[in-house]
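# Topology and contacts: notes
Next come the chains, spelled out residue by residue.
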Amino acid sequence: MGSLIINKVKYFGDKYFFESPSFGKGINVIEGDNGSGKSTFLYLVEYCLGGNVKYFNRNNKTDKYTKITNDTNNYVELYICLNCIDYKIKRFFGTNDVFVDDGIEVKRWFLNRQSSPEIFSDWLLGNLDIDPFELNLGAKSWVFNFNDIFRLLNYDQDTEPRKIFKSPTNENFVTDSSVIRKSTFESLIGISSNDYFAALNEYNRCKRERAESKILYERHKELYPGLDEDFETVSNELEELESRLDLLTEGRDKYQSENTYIDDKIIHIEEVNSQLVTLELGISDIEIKKKNLQIEKEKIQKIYEDINSEISQINKIIYTHNKLDLFSLEICPFCMNEIERKEGVCICGSELKKEDYEKFVYQPSEYQSILKHKQKSLETVNLALESYSEEILELETELSDKTSNSLILKEKIKTIISSIEFSGNSQLIDDYNERIIDVKEEIVNMQKDLRSYKELESLENDYNSSDKLYQDISKKLKDIEISYKSNNKKMIKDFNYIYNRLMSESSCKVTSAKIDDEYMPYIDDGEYKEKSATVPKRLMYYFTVFAMGLKHENVKHPKLLLIDTPETDGIDDNHLKDNIELFGTAIELSKESGINKNNEFQMILTTGIKKYPSKYEKYVKLRFNTTKNEFILKERDI
Amino acid sequence: MNRDKNLAKKRMMYIHREDYNFLTYNLLLVLFVFECFSESKSFTDFRKIAYLIDFISSPSNIDTYNKTELANIYSKAQLKKKLLSHLLIVLNNKNYIGIKLNNTRKTLDVWLKVDELPIDFIDLKYFDQEIGNINQLKKLVGRMRTVTIKTVVDKIFTDNGVLTWEV
């Protein structure tokens, strides 16, 4: 369907330059002797199409094309026609990007997937209507690239002809594996390969996802080995636990609010309190009593003092009487004469009535007697005072006893109250709390289990859905594979037919030629052929692939063939010319199907001087000659 | 027996604050402290002494008496005036004191004849309490020796709210 035609090749650097003439559709021949730059021309094309040409690598120590690697600011430019649209493609040497100019704008494409998700190859293949697909080869993932197709578009000199396929740009066991070769062949020849590869990719993806979800599911099962009950049972158990927790909490709160223990304490407090009240009443009684006693004592004290002062006064009276002797009844107090007084008669002579004495006159003995009496009563009063003091002291002792008792009782009440605050019935509450904590812990565990269950369930669902998808896809893939394979069979049959025809007419004269399961040539049932037979074997293979592309519309061949000097392995010039001429046969064979297709193609052949069929003379577009000093690169005149 | 009875009766009837000897030593002490040792320095109006005697003999301080006690002292002092007048005659007869009728003030003024007293009678130590009280009174009523009886009564009783009357 798609086509790629190279119209012009340009090289430009600070030292050298090259510009090809315009090429056209059909056959183009570049003629030149060894070392003139025929191969370089094709390397420039390959390099510009994103290939990795080791001769242009500046780090290459052995085989480098020094004119180019030593040049500076050099680039190669291709004028191409891709699906009938003109582009200019430019790549600077030593870089990994390509500039595509469609005449309107220049777009820069990277060549490596590390630099960009979409690369130059994707653009190119997209335009050639080839879906880039991914192949998973063990741990490696490989994305189909234009370079892989290029292996069957470019018959080069570097590859040993018996290998058929041009060596890949980065040769390793993956890129040169038979799987990739087959894929490359199939993507060029196979009709439904795109569908198939898309389905295969989808299948691989589903397979991977299924495996991942299975691993997750199984690992989860391993991590939580106890998950053998079903989800509902666990949920029910959790509900039951929660209601148990509610009951326990309720029980504890109820117990606390009822608080029988505190009631006991209140009774106790009341007992102590009534004791205290009685005690306090007693104390106040005693205090009243004591106060009364003290008042009485004070009165007695006053009396005592009075008597005391009276005694002292009487003493002074006696003193005065003794000193002054004013009233001795033997002397008249007025005239001071001695008196002889009769019994019962006053000194004035009148009769004495003892009851009527207005004023007694006292003798010292009488004073003494009075004094004695007074002193006696003083003693009595003193006794009373002492007894009062004693009584008061007793009361005080009692009072201090009772006061200290009351203090003890008060302290006791305080202790009881504080013991209510701190203890409660702690044992029972602790018990409740412990049970509550246990249940809570169980609930937490259960919830964890439940989460695990949910996760397991979702993982299981994931696995199931991915498994279903996988089953669907693998069924679909099988269907596609069947049609793909039957298609392939038809195509391979056709391939074998063309290849057989070409090979039988080629220089090695085979009787039967076909490709095997690996799509590699199988000639005359494996019989030995001379070494020079490898050239037509490979060349015819390329012609056949090319013819298939022309013949079948659904073959995604870009209808471009580059052939670089196939004069190796001792093949002689006549044989070579005959073999090259078979290109015409291939084109004829491609038209056999009867489907008339207006196919445009391009074949560029580089070859030694006059080492091409004479009828190709007219196709020679470019000539190099070392003896005439005509090299591909010309020095710039600076 | 009869004598004991009489003795007991006399003892029970004894009121020391009205005893002549009691009044004597208090009177003599007043005259002594106020230094009424001659006619010209006589104590004007002996009745003033009747109001002072209870204060002099008491162990309590003059400032501490309440109204009732003051009233009691005031009324009892009336009786002491009569007893004192008897005593003056006895003391005058014994020549322990001098008495003079003051015609201008209509009072009996007295003075102490210290030389006539037994030499050791005024024992300052023995009567320490009484002398102290007299000195207190001296401070309370200025010019006690010469002021009228009314001034003394007013200062000690009337001023402290005791109802008094003129005798």
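### Here we look at the overall build of chain A
In terms of regular secondary structure, chain A is built from 12 helices and 16 strands. Buried residues in chain A amount to 28% of all 638 residues. Here the contacts in chain A between residues at least 6 apart in sequence split such that 74% fall between residues at least 24 apart.

### Focus on the overall build of chain B
Within chain B, the regular secondary structure consists of 6 helices and 2 strands. When the helices and strands of chain B are listed from N to C terminus, the series reads α-α-α-α-β-β-α-α. A burial count over chain B gives 34% of its 167 residues as buried. A separation of at least 24 residues holds for 70% of the contacts in chain B among residues at least 6 apart in sequence.

### Describing the nonpolar core
Among the nonpolar cores identified, the biggest contains 89 residues, and A:L44, A:V45, A:Y499, A:Y542, A:F543, A:L562 and A:A586 are the most heavily contacted of them. Broken down by element, this core gets its largest block of residues, 11 residues, from helix α11 (residues 534-551) of chain A. Residues in contact with A:L562, not counting those within four places in the same chain, are A:L42, A:V45, A:L153, A:N154, A:Y155 and A:I604. In terms of nonpolar packing, the next biggest core, distinct from the first, is built from 46 residues, A:I370, B:V30, B:L87 and B:V110 among them.

### Considering the interface of chain A and chain B
Interface extent is often summarised as the accessible area lost during association of the parts. Contacts between the two partners involve 22 residues from chain A, matched on the other side by 21 residues from chain B. Mapped onto the side of chain A that touches chain B, the elements with two or more residues apiece are α8 (260-324) and α9 (364-422) of chain A. Among the elements that line the side of chain A that touches chain B, the one with the most residues is α8(A), at 11 residues. Taken together, the residues of the side of chain A that touches chain B break down into 11 nonpolar, 6 polar and 5 charged.

### Topic: the sheet that holds strand β10 (residues 154-155) of chain A
Residues and elements named next belong to chain A. The parallel open sheet is built from 5 strands, whose spatial order is β10-β13-β14-β3-β15. A single partner strand is all that each edge strand has here, and the edge strands are β10 and β15 (620-624). Where strand β3 (residues 26-32) meets β15, 4 bridges bridge the pair, whose relative direction is parallel. Following the sheet pairing, E31 is matched in β15 by R623. Along the sheet face, helix α1 (residues 38-48) touches β3, β10, β13 (560-564), β14 (602-607) and β15 and points at about 145 degrees away from the line of β13.

### Quick notes on unusual backbone geometry
Residue and element names in this part refer to chain A. With phi around 50 degrees, N73 is a residue other than glycine that occupies positive phi space. Considering the arrangement of structural elements, one finds N73 in the loop between α2 (66-69) and β4 (75-82). Classification of N73 as exposed rests on a count of 10 C-beta atoms within 10 Å. Positive phi outside glycine occurs at N83, with the angle close to 50 degrees.

### Thoughts on the packing of helix α3 (residues 48-57) of chain B against helix α4 (residues 67-93) of chain B
Residues and elements named next belong to chain B. The geometry of α3 relative to α4 is characterised by a closest axis approach of 8 Å and an angle of 120 degrees between their N-to-C directions. The angle between α3 and α4 falls in the class oblique. Helix-helix and strand crossings are classified by hand; for α3 and α4 the assignment is right-handed. Across from I49, A50, Y51, I53 and D54 in α3, the residues of α4 making contact are I73, K76, A77, K80, K81 and L84. When grouped by side-chain class, the residues that make up the contact of α3 with α4 number 7 nonpolar, no polar and 4 charged.

### Examining the environment of A:G126
Assignment of secondary structure puts A:G126 in helix α3 (residues 120-127). A:G126 sits 124 residues away from A:G2 along the chain, and the two C-alpha atoms are 9.6 Å apart.

### Topic: the sheet that holds strand β6 (residues 97-101) of chain A
Residues and elements named next belong to chain A. With antiparallel pairing, the 7 strands of this open sheet are ordered in space as β7-β6-β5-β4-β1-β2-β16. Each having just a single partner strand, β7 (106-110) and β16 (634-635) make up the two edges of the open sheet. Pairing of strand β2 (residues 16-19) with β16, which is carried by 2 bridges, proceeds in the antiparallel orientation. Opposite F17, over in β16, you have K634 as the bridge partner.

### Observations regarding the packing of helix α2 (residues 20-33) of chain B against α3(B)
Residue and element names in this part refer to chain B. α3 packs onto α2 with a crossing angle of 100 degrees between their chain directions and a minimal axis gap of 10 Å. On the basis of the axis angle, α2 is roughly perpendicular to α3. Here L23, N26, L27, L29 and V30 of α2 come into contact with α3, specifically with I49, L52, I53, I56 and S57. A per-class count over the contact of α2 with α3 returns 8 nonpolar, 2 polar and no charged.

### Points about the pairing of strand β5 (residues 85-92) of chain A
Consecutive side chains of a regular strand alternate in pointing toward one face of the sheet and then the other. All names here are of chain A. Looking at chain direction, β4 and β5 are connected through 8 bridges and run antiparallel. When the sheet's bridge partners are listed, I80 is paired in β5 with Y87. Between the end of β4 and the start of β5, which pair antiparallel, lie 2 residues, with N83 showing a positive phi angle near 50 degrees. Counted along the chain from β5 to the antiparallel partner β6, the turn is 4 residues long, and its residue G94 has a positive phi close to 80 degrees.

### Examining the pairing of β7(A)
Residues and elements named next belong to chain A. Bridge count for β6 against β7 is 5 bridges, and the pairing is antiparallel. Within β7, the position partnered with V98 by the bridge is W109. Linking two consecutive strands that pair antiparallel, namely β6 and β7, is a turn of 4 residues; a positive phi of about 90 degrees is found at G103 within it.

### Quick notes on α1(A)
The periodicity of an α-helix, 3.6 residues per turn, causes residues three or four places apart in sequence to face the same way. Residue and element names in this part refer to chain A. Judged by how many residues are buried, α1 sits mostly within the fold: 11 of 11 residues are covered. Buried residues of α1: K38, S39, T40, F41, L42, Y43, L44, V45, E46, Y47 and C48, and no others. With its phi angle positive at about 95 degrees, G50 sits one or two positions after the end of α1.

### Side note on the confidence of the model for chain B
Taken residue by residue, chain B gives an average pLDDT of 88. The fraction at 70 or more is 97%. For this predicted complex, the interface score ipTM comes out at 0.88, alongside a pTM of 0.49.

### Considering α3(A)
Residue and element names in this part refer to chain A. Those residues of α3 not exposed but buried are F120, S121, D122, L124 and L125. Elements that come into contact with the buried residues of α3 comprise β6, β7 and α4 (146-150). Two residues or fewer after α3 comes D129, characterised by a positive phi angle close to 65 degrees.

### Considerations on the environment of A:S507
Residue and element names in this part refer to chain A. Along the chain, the position of S507 falls in the loop between α10 (426-505) and β11 (513-515). Separated by 64 residues in the primary sequence, S507 and I571 place their C-alpha atoms 9.2 Å from one another. Dropping the residues within four chain positions of it, S507 is found in contact with P536, H575, D578 and N579.

### Observations regarding the environment of A:T320
Locating A:T320 in the fold gives a position in helix α8. Those residues in contact with A:T320, other than ones at most four positions away along the chain, are B:N21, B:T24 and B:Y25.

Scoring rules and cut-offs
- Residues numbered from 1 in each chain as written.
- Chains lettered and ligands numbered in written order.
- Predicted model: local features only at pLDDT ≥ 70, side-chain atom pairs only at ≥ 80, totals over all residues.
- Helix = DSSP H or I, 4+ residues; strand = E, 2+ residues; numbered from the N terminus.
- Buried ≥ 20, exposed ≤ 12 C-beta atoms within 10 Å, placed from the backbone.
- Contact = placed C-beta atoms within 7 Å.
- Core = buried A, V, L, I, M, F, W, Y, C linked by C-beta atoms within 7 Å.
- Nonpolar A, V, L, I, M, F, W, Y, C, P; charged D, E, K, R; others polar.
- Pairing = 2+ DSSP bridges.
- Axes fitted to C-alpha atoms, helices over the stretch in contact; angles between N-to-C directions.
- Parallel < 35°, antiparallel > 145°, perpendicular 65-115°, else oblique.
- Left-handed = near helix turned anticlockwise from the far one by under 90°.
- pLDDT = per-residue confidence, 0-100.

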